[in-house]
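Overview (structure and organization)
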Amino acid sequence: MGLGYIGLPTAALLATKGYKVHGVDVKADVVETINKGEIHIIEPELDAFVKSAVQSGNLKASLKPDYADIFMISVPTPIDNENNPDITYVIEATNAIVPYVKDYNTVILESTSPVGTTEIIANILKEKGSAKDFYVCYTPERVLPGQTMRELVENDRIVGGLTPEAAKRVQKFYKTFVHGEVLVTNCRTAEMSKLTENACRDVNIAFANELSILCDKFGINVWELISLANRHPRINILKPGSGVGGHCIAIDPWFIVAEGKEDAKIIRTAREINNRKPLWVIEKVEKTVKEFKQKNKKEPLVACMGIAFKPDIDDLRESPSLHITKDLIKKGINVLVVEPNVKKYPGLSLTEYTEAIAKADIILFLVSHKQFKDVAIPADKTVIDICGVRSKY
Ligand SMILES: NC(=O)c1ccc[n+]([C@@H]2O[C@H](COP(=O)([O-])OP(=O)(O)OC[C@H]3O[C@@H](n4cnc5c(N)ncnc54)[C@H](O)[C@@H]3O)[C@@H](O)[C@H]2O)c1
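Residues numbered from 1 in each chain as written. Predicted model: local features only at pLDDT ≥ 70, side-chain atom pairs only at ≥ 80, totals over all residues. Heavy atoms only, no water.

When helices and strands are tallied, the chain shows 13 helices and 11 strands. Computed over C-alpha atoms, the radius of gyration of the chain comes to 24 Å, within 12% of the 21 Å expected from 2.2 N^0.38 for 393 residues, which places it in the range of a compact globule. Along the three orthogonal principal directions, the C-alpha set of the chain runs to about 75 × 45 × 40 Å. Counting only residues that meet the buried cut, the chain has 50% of its 393 residues in that class. Summarising the internal contacts of the chain: among those between residues at least 6 apart in sequence, 70% fall at separations of at least 24. (Helix = DSSP H or I, 4+ residues; strand = E, 2+ residues; numbered from the N terminus. Rg over C-alpha atoms; globule rule 2.2 N^0.38 Å. Buried < 20%, exposed > 50% of the residue type's maximum accessible area, 1.4 Å probe, protein only. Contact = heavy atoms within 4.5 Å.)

Right, let's get into unusual backbone geometry. The residue glutamate 45 is not glycine, and still its phi comes out positive at about 75 degrees. Although it is not a glycine, lysine 297 sits at a positive phi angle of roughly 55 degrees. Here lysine 297 lies in the loop between helix H11 (265-296) and strand S8 (301-305). The class for lysine 297 is exposed, based on a relative accessible area of 69%.

Turning to the pattern of salt bridges, a few remarks are in order. One pass over the structure, following the stated rule, counts 17 salt bridges. Residues arginine 157 and glutamate 141 are paired through a salt bridge, measuring 3.1 Å at the closest nitrogen-oxygen approach. Note that arginine 157 is positioned in strand S6 (residues 157-161) and glutamate 141 in the loop between strand S5 (135-138) and helix H6 (148-154), a separation of 16 residues in sequence. Residue glutamate 141 is classed as buried on the basis of its relative accessible area, which comes to 6%. (Salt bridge = Lys/Arg side-chain N within 4 Å of Asp/Glu carboxyl O.)

Turning our attention to the packing of aromatic side chains. Inspection of the entire model under this criterion finds seven aromatic pairs. Seen in terms of ring centroids, tyrosine 174 and phenylalanine 177 are 5.2 Å apart; in terms of plane orientation they differ by 40 degrees. Their pairing is tilted. For the residue pair tyrosine 174 and phenylalanine 177, the accessibility class agrees, reading buried in each case. Of the aromatic side chains, those joined through ring pairs into one cluster are Tyr19, Phe173, Tyr174 and Phe177. Of note, arginine 317 hangs over the ring of tyrosine 5, and the distance from its end group to the ring centre comes to 4.6 Å. (Phe/Tyr/Trp six-rings, centres within 6.5 Å; stacked < 30°, edge-to-face > 60°. Lys NZ or Arg CZ within 6 Å of the ring centre and 35° of its normal.)

That is the geometry; function is a separate question.
Laid out in C-alpha cells, this is it:
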C-alpha cells in the first residue's frame, strides 16, 4: 500500500527476489507508469529494478488491494499546521485492506508513525474485518534517499511485533531480502526507535546551530571552534547550516512532542532552534544589505548559493535555504538564485554559479555543494558563509 520513495523500491526489490507483488497506490498516473515498467520518482538503480520486476510478471500495480499473505503499508505520515501527526493515510490504507485480510495473514506498517499507531491499525482490522487471527508488526524504514536500493538490503532493521509471534514471523520474512541484522522488539519500542533516530539528529544539529548563533554574537569563528572542540576524544559536534530540511528530520520529532507534551523539552527546543535558524540568516542578510547600501550608496545584488535541503542533492522538500531565498526576494532584496543540482524551479530563475559570483556584491553560501568549495571569489565581494563551505577548518 503506497508506491512512493519507500513503497516502490521495496515492492520492486521483493519482486526481483521472486515474491509476487501486488502494488497499490491511490494515484492513477503512478499505477500506469509502474505497469509500463517505468518510474515516477528519482532514485538511482530503481528504474532497472522496476523494469525487471514488471517484465518478470512479479510486480503489478493497481488502484485496488487484493488478497495477499503479507500486506505492507508505506503511505505518507505528514504533520498538520499545528505540528500534530496526521495518520489519515495510514487509516485509509488500513480500511482499504480490511476486506482482504484473512486469518493467518500478516500486516506490516512501514510508515514513520506516532507511538500507538500499530495498535490503532490492529484494532481497525479486528473491529471491521472478518479475520480473527492475524499478525501485525511495525517495521520502520531508515534508508538514505539516493542510496535506497543498497540500504534496503544492507541496513539493520527493527521489527516491532504487536505480539512476539508476529515479530518472529516478520523477522523471518525480512531475513529473506535483508543482509543487515533484523532485530526484534515490541511495536511501541519500534515506533519510538524510528522517531528517536530522527530526533537525535535534530537535537545534535540544533546544538551546532545554536553554537553558530552564539559564536556570531561573541565574534568567534564557529568552524574553528568546532574543529578544536572535536579534538576531544569523546566529542563530535556536527556542522551548523541554514536550518533543517527534508521530509523526515524536520517533521518526525514533532510526533514525539505532540504526545510527550511538556515532557519532550529538548526535542521541542531542538525543533524550535532549527526552525529559527533560517530567520536568523534572513536577519543577518538584511543587516549586511543595509550596511552595503550605507557604504556604497546603491542596492546590492545577493547571490543565494544553494536552495536544496542538503549538499549535492536536488531535493528541495522543506528546504530552509529555499525558504531563505524566497523570503529575501519577498523583502525586495535583489537576488540571484543558484542551485547546480536543479535545472529549473517554478517561479524562480536560476543563475549558473560562476556567473552569480561574478555579478553579485554579496555571496550568501547556504548549502555546502561541492562546486562551491574551491571556486574563486574576487576580494571585493562580501561573503556570508552559513554552511562553512569556504571554511578551512
Ligand atoms: N522517503 C524516505 O526517505 C523515507 C525514509 C524513511 C521513512 N519514510 C517514511 O515512509 C513513509 C512513506 O514515505 P514516502 O517517502 O515513500 O512517501 P511518498 O509520498 O513518496 O509515497 C507514498 C505513496 O502512498 C500513496 N498513498 C497515499 N494514500 C494511499 C492509500 N490510502 N493507499 C495506497 N497508496 C496511498 C501516495 O499516492 C504515494 O504515492 C512515510 O511515513 C515516511 O515518513 C520515508
